[in-house]
Amino acid sequence: MTEIPEEQQAAALRIVADAGARRTELLTEAERILTEEIKPAAIAAARTGAERNRIRELARVGPTMLYRWIEEAGLPVRAKRPPGRPDA
């Protein structure tokens with residue numbers, strides 16, 4: 001028996017839907033880990049005086065996110081350098 005194009009399309013769309021659903025589950029879990037586990041641990045590490053670049057590397061987050069968390073936690077954050085200014 002030969003498949004008609006609609007059946008092939010339906011099969012392909014089922015594969016897309018399954019992959020999309022798995023992706024959504026993984027992204028939801030990743031967001032939960034980030035906010036419930038990594039963020040509090042990173043803030044706790046910053047409170048102990050751990051080097052912020054090391055925290056960022058281990059947490060695998062960007063500097064903007066880490067410094068936003070630290071600022072939200074009430075820890076001091078140095079002002080950003082103006083753009084285009086060479087390091088002093």
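Here the structure is shown first, and the text comes after it.
Thresholds, definitions, all that
- Numbers given for residues are sequential positions, taken from 1 along each chain in its written order.
- Side-chain atom pairs in this predicted model are given and counted only at pLDDT of 80 or more, local residue features only at pLDDT of at least 70, and totals for whole chains, interfaces and linings cover all residues.
- Note: side-chain values were computed over all heavy atoms of the structure, leaving out hydrogens and water.
- In this description a helix means any DSSP run of H or I spanning at least four residues, a strand means any run of E spanning at least two, and both kinds are numbered starting from the N terminus.
- Exposure classes here rest on a 1.4 Å probe applied to the protein chains alone. A residue is buried below 20% of its type maximum, exposed above 50%, and partly exposed in between.
- A contact between two residues is defined here by any heavy atoms of the two lying within 4.5 Å.
- When charges are counted, Lys and Arg are positive and Asp and Glu negative, with His and the chain ends excluded.
- Where a charge sits is defined by one atom per residue type, namely NZ (Lys), CZ (Arg), CG (Asp) or CD (Glu).
- Each direction from the helix axis to a C-beta atom contributes to the arc, which is the arc of those directions.
- Throughout, nonpolar core names a set of buried Ala, Val, Leu, Ile, Met, Phe, Trp, Tyr and Cys residues whose side chains join them through atoms within 4.5 Å.
- Here, expected helix span is obtained from the residue count minus one, scaled by 1.5 Å.
- In the sections that follow, a salt bridge refers to a side-chain nitrogen of Lys or Arg positioned within 4 Å of a carboxyl oxygen of Asp or Glu.

Undergrad: Any chance you could explain the overall build of the protein here in plain terms?
TA: Within the protein one finds three helices and zero strands. Each helix (α) and strand (β) of the protein, taken in turn from the N terminus, gives the series α-α-α. Once the C-alpha set of the protein is aligned to its principal axes, its extents read approximately 75 × 35 × 20 Å. In the protein, buried positions account for 12% of the 88 residues. Residue pairs in contact within the protein that sit at least 24 positions apart in sequence constitute 49% of those at least 6 positions apart. Seen as two clouds, the 15 positive and the 14 negative side-chain charges of the protein have centres 13 Å apart.

Undergrad: Hey, could you run me through helix α3 (residues 63-72) in this one?
TA: For an α-helix the count is 3.6 residues per turn, leaving residues at separations of three or four pointing the same way. For α3, the complete set of buried residues consists of Leu66, Trp69 and Ile70. The buried side chains of α3 occupy one side of the element, clustering within an arc of 95° when seen end-on. Opposite the packed face of α3, turned more than 90 degrees from it, sit the exposed residues Thr64, Glu71 and Glu72. Contact partners of the buried residues in α3: α1 (5-47) and α2 (52-59). With its phi angle positive at about 85°, Gly74 sits one or two positions after the end of α3.

Undergrad: Help me out: how do you make sense of the nonpolar core in this one?
TA: A general tendency of soluble globular proteins is for nonpolar side chains to be buried together. Within the largest apolar cluster, eleven residues are counted, these being Leu34, Ala42, Ile43, Ala46, Ile55, Ala59, Val61, Leu66, Trp69, Ile70 and Leu75. Elements with a contribution of two residues or more to this core: α1, α2 and α3.

Undergrad: Hey, could you run me through α1 in this one?
TA: The terminal C-alpha atoms of α1 lie 61 Å apart, and with 43 residues this matches the ideal 63 Å at 1.5 Å per residue to within 8%. Looking at α1, one finds that the buried residues are Leu34, Ala42, Ile43 and Ala46. Next to the buried residues of α1 lie α2 and α3. Positive phi appears at Gly49, one or two residues downstream of α1, with a value of about 95°.

Undergrad: Whenever I open this one, the pattern of salt bridges confuses me. Can you help?
TA: Side-chain pairing between opposite charges can occur once the charged atoms of the two side chains come close. The tally for this structure, following the rule as stated, stands at five salt bridges. Between Glu37 and Arg32 there is a salt bridge, and its shortest N-O distance comes to 3.1 Å. Classification of Glu37 by relative accessible area gives partly exposed; the value is 40%. Lys39 serves as the salt-bridge partner of Glu72, at 3.2 Å between the closest nitrogen and oxygen. Note that Glu72 is positioned in helix α3 and Lys39 in helix α1, a separation of 33 residues in sequence. Residue classification places Glu72 among the exposed positions, given a relative accessible area of 53%. Through salt bridges with shared partners, one network takes in Glu29, Arg32, Glu36 and Glu37.

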